Amino acid sequence: MEKENIIGIENKLMLFNTLTHKKELFEPIHSPLVGMYVCGPTVYGDPHLGHARSGITFDIIFRYFQHLGYKVRYVRNITDVGHLENDAEEGEDKVAKKARLERLEPMEIAQYYTNRYHQFMDMLNVKRPSIEPQASGHIIEQIAMIEKILEAGFAYEKNGSIYFNVRKYNTEHHYGKLSGRVIEDLLSTTRSNLASQAEKESPVDFALWKKASSEHIMRWPSPWSEGFPGWHAECTAMSCKYLGHPFDIHGGGMDLLFPHHESEIAQAVAAYHGDPCKYWVHNNMITINGQKMGKSLGNFITLEELFSGQHAGLVQAYSPMTIRFFILQAHYRSTLDFSNEALLSAEKGLQRLMIARHTLTHIHSSSTSSVKTELEEIEKKGYEAMNDDFNTPITIASLFELVRLINLGSESKVSFTEEDKAKAEWIYAEFVDHILGLKDESISDGMTDKVDGLVQMLLDIRSQAKARKDFSTSDLIREELQELGIRVMDGKDGVSWQIN
RNA sequence: GGUCUCGUGGCCGAGCGGUUAGGCACCGGUCUGCAAAACCGUUUACAGCAGUUCGAAUCUGCUCGAGACCUCCA
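Remember, it's a predicted structure, so these values are computed and weren't measured experimentally.

What counts, and at which threshold
Residues numbered from 1 in each chain as written. Chains lettered and ligands numbered in written order. Predicted model: local features only at pLDDT ≥ 70, side-chain atom pairs only at ≥ 80, totals over all residues. Heavy atoms only, no water. Helix = DSSP H or I, 4+ residues; strand = E, 2+ residues; numbered from the N terminus. Contact = heavy atoms within 4.5 Å. Areas by Shrake-Rupley, 256 points an atom, 1.4 Å probe, with all protein chains shown as cover. Lys, Arg positive; Asp, Glu negative; His and termini not counted. Charge placed at Lys NZ, Arg CZ, Asp CG, Glu CD. Patch = residues over 30% accessible without salt bridge, like charges linked within 9 Å, V, L, I, M, F, W, Y side chains within 5 Å. Salt bridge = Lys/Arg side-chain N within 4 Å of Asp/Glu carboxyl O. Buried < 20%, exposed > 50% of the residue type's maximum accessible area, 1.4 Å probe, protein only. pLDDT = per-residue confidence, 0-100. Axes fitted to C-alpha atoms, helices over the stretch in contact; angles between N-to-C directions. Parallel < 35°, antiparallel > 145°, perpendicular 65-115°, else oblique. Left-handed = near helix turned anticlockwise from the far one by under 90°. Nonpolar A, V, L, I, M, F, W, Y, C, P; charged D, E, K, R; others polar. Pairing = 2+ DSSP bridges. 1 Å grid on protein atoms, 1.4 Å probe; cavity = no way out; pocket = protein on both sides within 12 Å on 5 of 7 lines; lining within 4 Å. Points joined across faces, edges and corners; volume = space filled by probe spheres on them. Core = buried A, V, L, I, M, F, W, Y, C linked by side-chain atoms within 4.5 Å.

Caption draft 1: Broad picture of the overall build of chain A. Per the secondary structure count, chain A includes 16 helices and 15 strands. Referenced to the eigenvectors of the C-alpha coordinate spread, the extents of chain A come out at roughly 95 × 55 × 35 Å. The long-range fraction of contacts in chain A, counting pairs at least 24 apart against all pairs at least 6 apart in sequence, stands at 73%. Carbon together with sulfur atoms contributes 51% to the accessible area of chain A, which is approximately 22,800 Å² in total. Considering chain A, the positive charge centre built from 53 side chains and the negative charge centre built from 70 side chains are found 2 Å apart.

Caption draft 2: How the structure looks around a nonpolar patch on the surface. On the surface, Leu-454, Met-457, Leu-458 and Ile-461 cluster together to form a nonpolar patch covering roughly 350 Å² of accessible area. Assignment of secondary structure puts Ile-461 in helix H15 (residues 448-467). Overall, the relative accessible area of 39% leaves Ile-461 in the partly exposed class.

Caption draft 3: Inspection of the confidence of the model for chain A at higher detail. On average, residues of chain A carry a pLDDT of 89, and 92% of them reach 70 or more. Low confidence marks residues 1-10, where pLDDT is under 50. Its contacts with residues over four positions away, or in another chain, come to 14 contacts. Across the interface, the model reports ipTM at 0.94; the global pTM reads 0.92.

Caption draft 4: Spatial organisation of the packing of helix H7 (residues 231-243) against helix H8 (residues 257-272). Contact geometry for H7 and H8: axes closest at 9 Å, N-to-C directions at 55°. Relative to H8, the element H7 is oriented oblique. Once H7 is placed against H8, the crossing between them reads as right-handed. Contact residues: Trp-231, His-232, Ala-233, Cys-235, Thr-236, Ala-237 and Cys-240 in H7; Pro-259, His-260, Ser-263, Glu-264, Gln-267, Ala-268 and Tyr-272 in H8. Looking at the contact of H7 with H8, its residues break down into 8 nonpolar, 5 polar and 1 charged.

Caption draft 5: Molecular detail of the sheet that holds strand E9 (residues 247-253). Read from one edge to the other, the open sheet built from 4 strands follows the order E4-E3-E9-E10, with strand pairing classed as parallel. At either end of the open sheet lies a strand with only one pairing partner, and these are strand E4 (71-76) and strand E10 (277-283). Strand-to-strand twist across the sheet, computed as the mean angle between neighbouring axes with direction ignored, equals 20°. Pairing between strand E3 (residues 33-38) and E4: 6 bridges, direction parallel. Note that in E4 the partner of Tyr-37 across the bridge is Val-75. Lying over the sheet, H7 contacts E3, E4 and E9, oriented at roughly 165° with respect to E3.

Caption draft 6: Expanded view of empty space enclosed by the protein. For the structure on display, the rule yields 2 cavities of 30 Å³ or more. Counted as a void, the largest cavity has a volume near 90 Å³. As for the largest cavity, its lining consists of Arg-53, Ile-56, Thr-57, Ile-60, Ile-61, Ile-327, Leu-328, Ala-330, His-331, Tyr-332, Phe-390 and Thr-392. Within the residue set of the lining of the largest cavity, elements represented by two or more residues are helix H1 (49-67) and helix H10 (320-328). The greatest single-element share of the lining of the largest cavity, amounting to 5 residues, is contributed by H1. Among the residues making up the lining of the largest cavity, the classes are represented as 8 nonpolar, 3 polar and 1 charged.

Caption draft 7: Region of the structure containing the sheet that holds strand E13 (residues 336-338). Strand order across the open sheet formed by 3 strands is E12-E11-E13, with mixed pairing between neighbours. The open sheet has two edge strands with one neighbour each: strand E12 (291-292) and E13. Sheet topology places strand E11 (residues 286-288) next to E13; 3 bridges connect them, and they run parallel. Following the sheet pairing, Thr-287 is matched in E13 by Asp-337.

Caption draft 8: Broad picture of unusual backbone geometry. In this structure, the amide linkage connecting Ser-31 to the following residue, Pro-32, adopts the cis form with an omega of 5°. Residue placement: Pro-32 occurs in the loop between strand E2 (22-25) and E3. With omega at 0°, the peptide bond leading from His-245 into Pro-246 counts as cis. Note that Pro-246 resides in the loop between H7 and E9. Notably, His-21 is not glycine yet its phi reads approximately 65°, a positive angle. Topologically, His-21 is positioned in the loop between strand E1 (14-17) and E2. The phi angle at Asp-389 is positive, at roughly 60°, despite the residue not being glycine.

Caption draft 9: Just the pattern of salt bridges, in detail. One pass over the structure, following the stated rule, counts 21 salt bridges. Residue Arg-116 pairs with Glu-304 through a salt bridge whose shortest N-O separation is 3.1 Å. In this pair, Arg-116 sits in helix H3 (residues 106-123) while Glu-304 sits in helix H9 (residues 303-308), placing the two residues 188 residues apart along the sequence. Overall, Arg-116 belongs to the buried group, its relative accessible area being 11%.

Caption draft 10: Fine view of the nonpolar core. Judged by nonpolar contacts, the single largest core of 78 residues is most densely connected at Phe-65, Leu-306, Phe-338, Leu-353, Phe-416 and Leu-438. By residue number, the principal contributor to this core is H1, which donates 9 residues. In contact with Leu-438, not counting residues within four places along its chain, are Asn-125, Met-321, Arg-324, Phe-325, Leu-328, Leu-350, Leu-353, Met-354, Val-432 and Asp-433. In terms of nonpolar packing, the next biggest core, distinct from the first, is built from 53 residues, Tyr-175, Trp-220, Ala-266 and Val-269 among them.

Below, the structure is given as structure tokens:
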């Protein structure tokens, strides 16, 4: 947080704005305050790799803004109502459907999966947002927003349901400005044979409020009918409630671009007379065998499966930090292809990065430095990469240059002063801990010291055996430890070990 | 069909006109009683064709291939 160390850089942060389709200089509307809203999960199923990607992407953005010294209000919603299976009238609410299938109260489902989401995001070291509003807790705000849209004349009522009049809106504004959709094309490609379409004046219209059918459990009173809000309503109502209007950044997965975010813009313009936000930021998808990992395709892997290895497609379990590192090794706007091979290499790479930090502490400091300039370059490159639309792969690449330097230092091929060592540790703290949020998973419980002592004792005995060329004893100790999952490594400067 | 994105070495993945990305794997070396690990070093690219340019993975056009959105999805 020491702002003075990065002054001058903070004003050069470029981020890609989906709305303008180019990288723009980031300038908060009310600096040093930053308001960011991100579409969170619909809580009717276990979190999967896709949730990890958007969670981590915006966690990095959140962390980096804070790092630059901004005061960030980060709002990420929980969708627990209004998200229908499809847009048809017979479309069932996702949460309600799950509740019916599991014979539970809908709110039990929502709470259960919200908890699960939190649990797994915590494991991934994703910081909790400043505010996490639930759609069901903001029905009043949504109704108020819908009323404003009605007053503005951009919505109409039909049998107790309220629909947004996209075509009328499009005569005065531009429906499609974010997604690049052209309304005429939409009219010709939207499925219009569904039952609900009959109620709409146009197939491109979307629901703001739906009258609940008799069997629909999740329902609230409104001026128009007992019913529930449309999917897009919550984000506009809640983002503007907590961040004002307009706010700085709206984020989410690329798959939400249309119709969700496009419709959010329309709602905000209609209700509050202006775009909801200044910058739109979208993370790309994770693919598996080149195909999007998605619910409808049934090819997604949950985080629980990933962390436990319990999935037919996984050759082993992968730790949360391996997943985090894997995701950060790709730029957030690129698709990222999932494979065991890629995950395995991420695991090894992360390990190397983390081990070097320990190696650093063992470097004998010298009075002269041969790495000072390089350390400065590494730090500079790291920041420049982050400032260039959060290019974490390059930031990580620069950290591996640091790894190389540290390893050379440990072999006395380059020389570190005390100051250099402090600088290197500083880079680790800044980039690895604070910005990238990578935790060292080898540091754990209170037993660590005792295990250290025990292993060290065995290794001392082994060293004595080796000294008198009693290799059968020394090998026995090595093998027994190996059995326990502790690997013994004879190096130039003595014996080291690690738990596999 | 419409809109859009992308094709980089064995794999993942940066790159946005001229410089080694990086990780993993491979290979060579160092270390070692042996082994493993670790470390150091190094090889293999820009889908194809044509064009612009002194110079193109990077710009333009065409061809081929892959994917996303248009219905719910991060």
